[in-house]
Amino acid sequence: MNPSETSAAAPYHQVGGAETVARIVEAFYARVEADDVLRPLYPEDLEPGKKKLAWFFEQWLGGPPSYSERYGHPRLRRRHFPFVIDERAAGRWLRLMREAWTEAGVPRAIQDPIFERLAVLARHMINAGDDVPREPLGDVYLD
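These lines cover the structure that appears in this document, whether it is placed above or below.

Basis of the calculations
- Residues numbered from 1 in each chain as written.
- Predicted model: local features only at pLDDT ≥ 70, side-chain atom pairs only at ≥ 80, totals over all residues.
- Heavy atoms only, no water.
- Helix = DSSP H or I, 4+ residues; strand = E, 2+ residues; numbered from the N terminus.
- Core = buried A, V, L, I, M, F, W, Y, C linked by side-chain atoms within 4.5 Å.
- Buried < 20%, exposed > 50% of the residue type's maximum accessible area, 1.4 Å probe, protein only.
- Contact = heavy atoms within 4.5 Å.
- Axes fitted to C-alpha atoms, helices over the stretch in contact; angles between N-to-C directions.
- Parallel < 35°, antiparallel > 145°, perpendicular 65-115°, else oblique.
- Left-handed = near helix turned anticlockwise from the far one by under 90°.
- Nonpolar A, V, L, I, M, F, W, Y, C, P; charged D, E, K, R; others polar.
- Phe/Tyr/Trp six-rings, centres within 6.5 Å; stacked < 30°, edge-to-face > 60°.
- Lys NZ or Arg CZ within 6 Å of the ring centre and 35° of its normal.

**Considering the environment of P11**
Here comes step 1: Along the chain, P11 turns up in helix α1 (residues 11–15).
Here comes step 2: Residues P11 and V32, spaced 21 residues apart in sequence, show a C-alpha to C-alpha distance of 24 Å.

**Looking at the nonpolar core**
Here comes step 1: With 39 residues, the main nonpolar core has F28, F57, L61, M97, W101, I114 and L118 as its most contacted residues.
Here comes step 2: Looking at this core, the elements that each hand over two or more residues are α1, α2 (17–33), α3 (47–60), α4 (66–71), α6 (87–103) and α7 (108–125).
Here comes step 3: When residues in this core are grouped by element, the largest group, eight residues, is from α6.
Here comes step 4: Dropping the residues within four chain positions of it, W101 is found in contact with V15, I24, F57, L61, V106, Q111, I114 and F115.

**Re the packing of α3 against α7**
Here comes step 1: Interhelical geometry of α3 versus α7 gives an angle of 125° and a closest axis separation of 13 Å. On the basis of their axis angle, the class for α3 and α7 is oblique. As for the relative orientation of α3 and α7, their crossing is right-handed in sense. Contacts from F56, F57 and W60 in α3 reach I114, R117, L118 and L121 in α7.
Here comes step 2: By residue class, the composition of the contact of α3 with α7 is six nonpolar, no polar and one charged.

**Here we look at the packing of aromatic side chains**
Here comes step 1: For the structure on display, the rule yields 11 aromatic pairs.
Here comes step 2: With a centroid separation of 6.2 Å and 55° between ring planes, the pair formed by F57 and W60 is classed as tilted. Pair noted here: F57 and W60 are both in helix α3, with a separation of three residues, about one helical turn. There is no split in this pair, since F57 and W60 are both buried.
Here comes step 3: On the numbers, 5.0 Å between centres and 50° between planes, the contact of Y67 with Y71 is tilted. Of the two residues, Y67 and Y71 both sit in helix α4, four residues apart, roughly one turn of that helix. Y71 shares its class with Y67; the two are buried.
Here comes step 4: Each member of the aromatic cluster is reached from another via a ring pair, and the members are W55, F56, F57, W60, Y67, Y71, W101 and F115.
Here comes step 5: Above the ring of Y71, the side-chain terminus of K52 is found at 5.2 Å from the ring centroid.
Here comes step 6: Seen from the ring of F115, R98 lies directly overhead, with NZ or CZ sitting 4.3 Å from the centre.

Take it as geometry only, folks, not as evidence of what the structure does.
Here you go:
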């Protein structure tokens, strides 16, 4: 999923654009809020994260580069260092995300290739036991 891909064939358009991404994000965060594994990893106020996730997904799926315009390069692994993410948390994230995409009405045929990439991304975020900086980055712009 090339962030500069803006054709009608881009996954962003296949899933239904910003409206569907917003539904996915809302459905996902509703699950996070009730989840005993993931909720402790998230800050008390979930609203800023919802916006960031929506902007990231829009860009990652080939839509507008809203995330990078605000924060620079996503550098997701670095941005997630403050949170101790183990295999269980990564797996739970994927499961709740898949449920959210299904609830948002994205057909499985469209989801499957996207989730192949999301699975790689989720595994890349695992950092439990790693000696990494745990200080939050906040909304810093990264090159």
